[in-house]
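What the coordinates show
Residue-level listing of the chains:
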Amino acid sequence: MGRNVAIIGVGHSKFGIRTDVNVAELAWESTKQAMENAGVDQKDIDYYVTSNVGAWSSEPLPAVVVGEYSDLVPKGTVRVEAACASGSAALKLGHDMIASGEANIALVVGVEKMNESPTPTVVEFIGRAGNYFWEFENFGLTFPGYYALYATAYMSKYGATEEDLCQVAVKNHYYGARNPKAQFQKEITVEECMRSRYIAWPLKLLDCSPITDGSAAIILASEEIAKKVTDTPVWIKAIGYANDTANLSRRDNFLSLRAAVEAAKMAYKKAGIDETDLVKNFDVAEVHDCFTIAELLAYEDLGFVKKGEAVKLIREKQTYIGGIIPVNLSGGLKAKGHPIAATGVSMAVELTKQLRQEVERERQAPIKKGMAIAHNVGGTGHYAYVTIFSLDKPRR
Amino acid sequence: MSAQQKVEKKKTQKEQTEEVTKQFNEFVESIKKSTGLPIVPDMKSGAAQWIDQRELTLKYVISVDKIRKFFDGLIDGKLYATKCKQCGTLYFPPQVDCPKCRKSDMEWIELSNEGELLTYTIINVKPNSFSHYDDYTVGIARLKEGINITAWVRETDPKKLRVGMKVKVIVTKREPEGYLTYELEPLTS
Ligand SMILES: [Zn+2]
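The rules behind the values
- Starting from 1, residues in each chain are numbered consecutively following that chain's sequence as written.
- For this description, chains carry letters from A and ligands carry numbers from 1, given in the order in which they are written.
- Predicted model: local features are reported for residues with pLDDT of at least 70 only, side-chain atom pairs are reported and counted for 80 or more only, and whole-chain, interface and lining totals are derived from all residues.
- The basis for every side-chain value is the complete set of non-hydrogen atoms in the structure, without hydrogens or water.
- Segments assigned H or I by DSSP are reported as helices when at least four residues long, segments assigned E as strands when at least two residues long, and all are numbered from the N terminus.
- For a compact globule the rule gives 2.2 Å times the number of residues to the power 0.38, and the radius of gyration it is set against comes from C-alpha atoms.
- Contacts between residues were defined by any pair of non-hydrogen atoms, one from each residue, lying within 4.5 Å.
- The accessible surface values rely on the Shrake-Rupley method and a 1.4 Å probe; as for residues, cover is taken only from the protein chains in view.
- Positive charges come from Lys and Arg alone, negative charges from Asp and Glu alone, with His and the N- and C-terminal ends not counted.
- Working definition for charges: the position is that of NZ of Lys, CZ of Arg, CG of Asp or CD of Glu.
- Here's the idea: put two parts together, see how much 1.4 Å probe accessible area each one loses, and the total over both is what we call buried area.
- We define a salt bridge as a side-chain nitrogen of Lys or Arg found within 4 Å of a carboxyl oxygen belonging to Asp or Glu.
- For this analysis, a polar contact is any N or O atom pair within 3.5 Å, provided that within protein one partner can donate a hydrogen and the other can accept it, and provided that sequence-adjacent residues contribute only side-chain to side-chain pairs.
- Under the scheme applied here, ten amino acids are nonpolar (Ala, Val, Leu, Ile, Met, Phe, Trp, Tyr, Cys and Pro), four are charged (Asp, Glu, Lys and Arg), and all others, including Gly, are polar.
- Any nitrogen, oxygen or sulfur atom within 2.8 Å of a metal ion counts as a donor, with the limit raised to 3.2 Å for Na, K and Ca, and since water is left out, coordination shells can look unfinished.
- Partly exposed residues are those whose accessible area sits between 20% and 50% of the maximum for their type, while under 20% is buried and over 50% is exposed, using a 1.4 Å probe and protein chains only.
- For two strands to be treated as a pair, DSSP must find no fewer than two bridges joining them.
- Orientation is described by axes fitted as lines to C-alpha atoms, over the contacting stretch for helices, and by angles from 0 to 180 degrees between their N-to-C directions.
- Crossing handedness: left-handed means the near helix sits turned counterclockwise from the far one by under a right angle, and right-handed means the same turn made clockwise.
- Throughout, disulfides are identified as pairs of cysteine sulfur atoms within 2.5 Å of each other.
- Pairing of aromatic side chains here covers Phe, Tyr and the six-membered ring of Trp, requires ring centres within 6.5 Å, and sorts the geometry by plane angle: under 30 degrees stacked, over 60 edge-to-face, intermediate tilted.

**What to know about the overall build of chain A**
- Helix and strand counts for chain A come out as 14 helices and eleven strands.
- Taken against the 2.2 N^0.38 rule, which gives 21 Å for 396 residues, the C-alpha radius of gyration of chain A at 19 Å falls within 12% of a compact globule.
- Along the longest, intermediate and shortest principal axes, the C-alpha atoms of chain A span 55 × 45 × 40 Å.
- Here the contacts in chain A between residues at least 6 apart in sequence split such that 77% fall between residues at least 24 apart.
- Of the roughly 13,600 Å² that chain A leaves accessible, carbon and sulfur atoms contribute 50%.
- Across chain A, the 44 positively charged side chains and the 48 negatively charged ones have centroids separated by 4 Å.

**What about the interface of chain A and chain B?**
- In this assembly, 35 residues from chain A lie in contact with 44 residues from chain B.
- Summing the contributions of chain A and of chain B, the shared interface buries around 3,300 Å²; its carbon and sulfur component is 62%.
- The three residues of chain A that bury the most area against chain B are Trp134, Phe139 and Trp201 of chain A, which together make up 23% of that side's buried surface.
- Applying the counting criterion to the chain A and chain B interface returns zero salt bridges.
- Run the count over chain A and chain B and you get 23 residue pairs in polar contact (both at pLDDT 80 or more).
- When contributions to the side of chain A that touches chain B are tallied by element, the ones reaching two or more residues are helix H4 (119–127), helix H5 (132–139), helix H6 (143–158) and strand E5 (198–201) of chain A.
- A per-element tally of the side of chain A that touches chain B places H5 of chain A first, with seven residues.
- Counted by class, the side of chain A that touches chain B contains 17 nonpolar, ten polar and eight charged residues.

**Quick notes on the coordination of the zinc ion**
Residue and element names in this part refer to chain B.
- Coordination of the zinc ion by the protein involves Cys84 (SG), Cys87 (SG), Cys98 (SG) and Cys101 (SG), with metal-donor separations of 2.0 to 2.3 Å.
- One chain supplies every donor to the zinc ion, and in sequence these donors are spaced C-x2-C-x10-C-x2-C.
- For Cys84, a relative accessible area of 2% corresponds to the buried category.
- We classify Cys87 as partly exposed; its relative accessible area is 37%.

**Focus on the sheet that holds strand E4 (residues 90–91) of chain B**
Residues and elements named next belong to chain B.
- Pairing within the open sheet is antiparallel, and its three strands lie in the order E4-E3-E5. This sheet does not close on itself; its edge strands, each paired only once, are E4 and strand E5 (106–110).
- As paired strands, strand E3 (residues 80–84) and E5 are joined by five bridges and run antiparallel to one another. For Cys84, the partnering residue across the bridge sits in E5 and is Met106.

**Examining the packing of H6 of chain A against helix H11 (residues 292–301) of chain A**
Residue and element names in this part refer to chain A.
- Where H6 meets H11, the closest approach of the two axes is 9 Å, and the angle between their N-to-C directions is 65°. The two elements H6 and H11 cross, and the hand of that crossing is left-handed. Contacts between H6 and H11 involve Tyr147, Tyr150, Ala151 and Tyr154 from the former and Ile293, Ala294, Leu297 and Glu300 from the latter.

**Topic: the pattern of salt bridges**
Residue and element names in this part refer to chain A.
- One pass over the full model with this rule turns up 36 salt bridges over all chains.
- Note that Asp41 and Lys43 form a salt bridge whose closest N and O atoms lie 3.4 Å from each other.
- Ionic pairing is found between Glu223 and Lys227, a salt bridge with its closest N-O pair at 3.2 Å. Within this pair, Glu223 and its partner Lys227 are both found in helix H9 (residues 223–229), separated by four residues, close to a single helical turn.
- Salt bridges sharing partners connect three or more residues here, namely Arg18, Asp20 and Glu29.

**Quick look at the environment of Phe15 of chain A**
- Of note, Phe15 of chain A is situated in the loop between strand E1 (5–12) and helix H1 (23–38).
- The spatial distance from the C-alpha of Phe15 of chain A to the C-alpha of Glu112 of chain A is 10.0 Å, given a sequence separation of 97 residues.

**Focus on the state of the cysteines**
Residue and element names in this part refer to chain A.
- The final tally for this structure, using the stated rule, is one disulfide over all chains.
- The residue that forms a disulfide with Cys166 is Cys193, at a sulfur-sulfur distance of 2.1 Å. Judged by the sign of its S-S torsion, about -75°, the bond between Cys166 and Cys193 is left-handed. With Cys166 in helix H7 (residues 162–176) and Cys193 in helix H8 (residues 190–195), this pair connects stretches of sequence that are 27 residues apart.

**Some words on the packing of aromatic side chains**
Residue and element names in this part refer to chain B.
- Applying the stated criterion across every chain yields a total of 33 aromatic pairs over all chains.
- With 4.5 Å between their ring centres and 20° between their planes, Tyr136 and Trp152 make a pair best called stacked. Placement of the pair is Tyr136 in strand E7 (residues 136–143) and Trp152 in strand E8 (residues 148–153), with a sequence separation of 16 residues.
- Accessibility expressed as a relative area gives 3% for Tyr136, which makes it buried.
- With relative accessibility at 10%, the residue Trp152 sits in the buried group.

So this is what it looks like as structure tokens:
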């Protein structure tokens, strides 16, 4: 619907423990890069969307603090929250502002500074992100705990092992080691992963994404502007979205994230993608691997393989470069880091650069079809956004 | 965890956190005294960090007025769900409004307490406010009536648990807080 929307500029901070910057400084790092990359100034920006979950960081109204520091006053703004999918929800809003004709150029900036609080406090905050009363207050679930419930059910049903889960971490650290923006630039082995301590059985420390500070930004523009300012616009071909129950116990099974399945279905339909042999459509994917089990679920929820077959993909290294579909060449949330509300924007940055063939050579996917897909899950399958990026202008 | 390991375990997660926090606060105070500013170098990077001089304690007040019957049930050792009189939908956790028919005409149904474990995890790294507990197991079970229930499982050895095993819901007191709650007890058969 509406006008075509393109990404014309991207920016990405170094992810990690960023004790050298505050929230506003961190947001500016990627905002500045994105503006320079697009060749636009603050005066050109009609609206900016600030993606931030916060609570662990000091600014309760992050959008205005980011705007003041980045000289975006008096542009319109809003802070967007969709848990770990906030960045994709922000992109959706930025996209809609342009598609609707309300804005011609929009900035989407995701920023999270989780290390302004001590780790036990961050564990506490994320644990509270289910159904507060019936899950946290009484039973003390943690974020790894919620995903561990999926892991236990999945392993029991399909015979996946803890080693299989570790294979996901090994792959993502392999590529993270080749991404200078990643929090962990170090390869790991299955043995190291298996030796790491349990966080929420059966998930171990090396099955989990870290607590991360970071920011990412994109500049979105209408077709008219995109054509003028860049030779390589990356078009937003389709966005699918869905949600699921807050309370895990109100879900039918723990073998699949229903929100992700629904979001993918919507995105494929909007993009007019034939769902038989789906992987053939894409050169590369970024999927939400906050925990290793999440990446396996993503392979199936996106329809890359049938239910129960994700393990085969990782065992056969089919999600490395050279396989049927390379996944998380950025290092994923696992190795690149997971600054909650910056993650979705970071995926868009990564896939834009992949399609423009601008990432480090060792982790550049061969671009043949000119299409890439991002799968961004919020909470424990509470929110899901699936976004399809394309080098070819969508037909309307 | 074996009995021997338990004896050897020196400090709980809570005690460890409190000790680290205390040491850190003392360090900040000493720096502040000598320089007049609560700015300390980060342990790893050395970057200057302002240590917040304000503290916010959160404790919410949550209405349970409309589902008071559920909690009264716990006092009698019973577990209640609500059922819509019009469409028959069973709600657990209980809720007094049926969004499907937009009616608020519910009856309270006593649940059977018998179910099957759908999945489980053992929480090793705990949230701050649960850090005074030993590692605990959280499970989700499907009750005979077809609704799911999340609760602690009375077994912390993963080898003794499996998906599909029979469990019983037991109303119990959560210590050390001392309030009524419910747990899942695995049935060995
Ligand atoms: Zn009803």
